[in-house]
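Spelled out from the first residue to the last, the chains are:
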Amino acid sequence: MPRYDHPQLDAELTLPEAAATRRYGSYSTLRNRIHCGQLPYIRKDGRSYLVRVADLEALRAPESKAAVDAAIERIVSAAPHLTAKQLSRLAPAFVPAEVAQR
């Protein structure tokens, strides 16, 4: 099977081609990402999936800690002031159950 080491970002690959690179995951992982909506696709011949290399690369790009911290800061600064009662109601949504039980 050929290797696709440095495809152009605007190129389209079939799932077997994308899986053959060993950069984006296995065939079944890519299908799962398509089915759960994480990976946009185009149908080829009504059967095969085509995916853009740019979309595959976007899945690989890890979020840096600084980017995550900046996003959190934007959310916190835009959030309204909450009362103690509102905070206590929201807290379980952000604390895993096993931590809350300690």
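A brief look at the structure comes next. Keep in mind it's a predicted model, so treat the numbers as computed, not measured.

### A word on the packing of aromatic side chains
Here's step 1: One pass over the full model with this rule turns up one aromatic pair.
Here's step 2: Their ring planes at 85° and their centres at 5.1 Å tell us that Tyr41 and Tyr49 sit as a pair that is edge-to-face.

### Focus on the pattern of salt bridges
Here's step 1: Taken as a whole and judged by the stated rule, the model has three salt bridges.
Here's step 2: In this structure, the salt-bridge partner of Arg23 is Glu57, at a minimum N-O distance of 2.7 Å. Residue Arg23 is located in the loop between helix H1 (15-20) and helix H2 (27-35), and its partner Glu57 is located in helix H3 (residues 53-60); the two are separated by 34 residues in the primary sequence.
Here's step 3: A residue is classified by how much of its surface remains accessible, and Arg23, at 30% relative accessible area, is partly exposed.
Here's step 4: On the basis of relative accessibility, which here comes to 21%, the residue Glu57 falls in the partly exposed class.

### Observations regarding a nonpolar patch on the surface
Here's step 1: Taken together, Val68, Ile72 and Val76 make up a surface patch of nonpolar side chains, about 250 Å² in accessible area.
Here's step 2: For Val76, a relative accessible area of 53% corresponds to the exposed category.

### Description of the sheet that holds strand E2 (residues 42-44)
Here's step 1: With respect to topology, three strands assemble into an open sheet ordered E1-E3-E2, the strand pairing being antiparallel. The sheet terminates laterally at strand E1 (12-14) and E2, the two strands that pair on one side only. The average angle at which neighbouring strand axes cross in this sheet is 40°, direction not considered.
Here's step 2: The sheet strands contacting H3 are E1 and strand E3 (48-52), and the helix crosses E3 at an angle near 70°.

### Brief notes about the side chain of Asp55
Here's step 1: By the secondary structure assignment, Asp55 is in helix H3.
Here's step 2: Beyond its immediate sequence surroundings of up to four residues, Asp55 is in contact with Leu39 and Pro40.

### Things to note about unusual backbone geometry
Here's step 1: For Asp45, which is not glycine, the phi dihedral falls at a positive 60°.
Here's step 2: Relative to the helices and strands, Asp45 is located in the loop between E2 and E3.

### A word on the nonpolar core
Buried together is how nonpolar side chains tend to be arranged in soluble globular proteins.
Here's step 1: With 12 residues, the main nonpolar core is built from Leu13, Leu15, Ala18, Ala19, Tyr24, Leu30, Ile34, Leu39, Tyr49, Val51, Val53 and Leu56.
Here's step 2: Looking at which element gives the most residues to this core, the answer is H1, with three residues.
Here's step 3: Once you skip the residues sitting within four places of it in the chain, Leu30 turns out to touch Leu15, Ala18, Ala19, Tyr24, Gly25, Leu39 and Leu56.

### Structural notes on the pairing of E3
Here's step 1: Where E1 and E3 come together, three bridges link them in antiparallel fashion. Looking at E3, one finds that Glu12 is bridged to Arg52.
Here's step 2: For E2 and E3, the ladder comprises three bridges, and the chain directions are antiparallel. Bridge pairing links Ile42 to Leu50 in E3.

Thresholds, definitions, all that
- Residues numbered from 1 in each chain as written.
- Predicted model: local features only at pLDDT ≥ 70, side-chain atom pairs only at ≥ 80, totals over all residues.
- Heavy atoms only, no water.
- Phe/Tyr/Trp six-rings, centres within 6.5 Å; stacked < 30°, edge-to-face > 60°.
- Salt bridge = Lys/Arg side-chain N within 4 Å of Asp/Glu carboxyl O.
- Helix = DSSP H or I, 4+ residues; strand = E, 2+ residues; numbered from the N terminus.
- Buried < 20%, exposed > 50% of the residue type's maximum accessible area, 1.4 Å probe, protein only.
- Patch = residues over 30% accessible without salt bridge, like charges linked within 9 Å, V, L, I, M, F, W, Y side chains within 5 Å.
- Areas by Shrake-Rupley, 256 points an atom, 1.4 Å probe, with all protein chains shown as cover.
- Pairing = 2+ DSSP bridges.
- Axes fitted to C-alpha atoms, helices over the stretch in contact; angles between N-to-C directions.
- Contact = heavy atoms within 4.5 Å.
- Core = buried A, V, L, I, M, F, W, Y, C linked by side-chain atoms within 4.5 Å.

In short, the description is geometric, and any link to function would need to be established separately.
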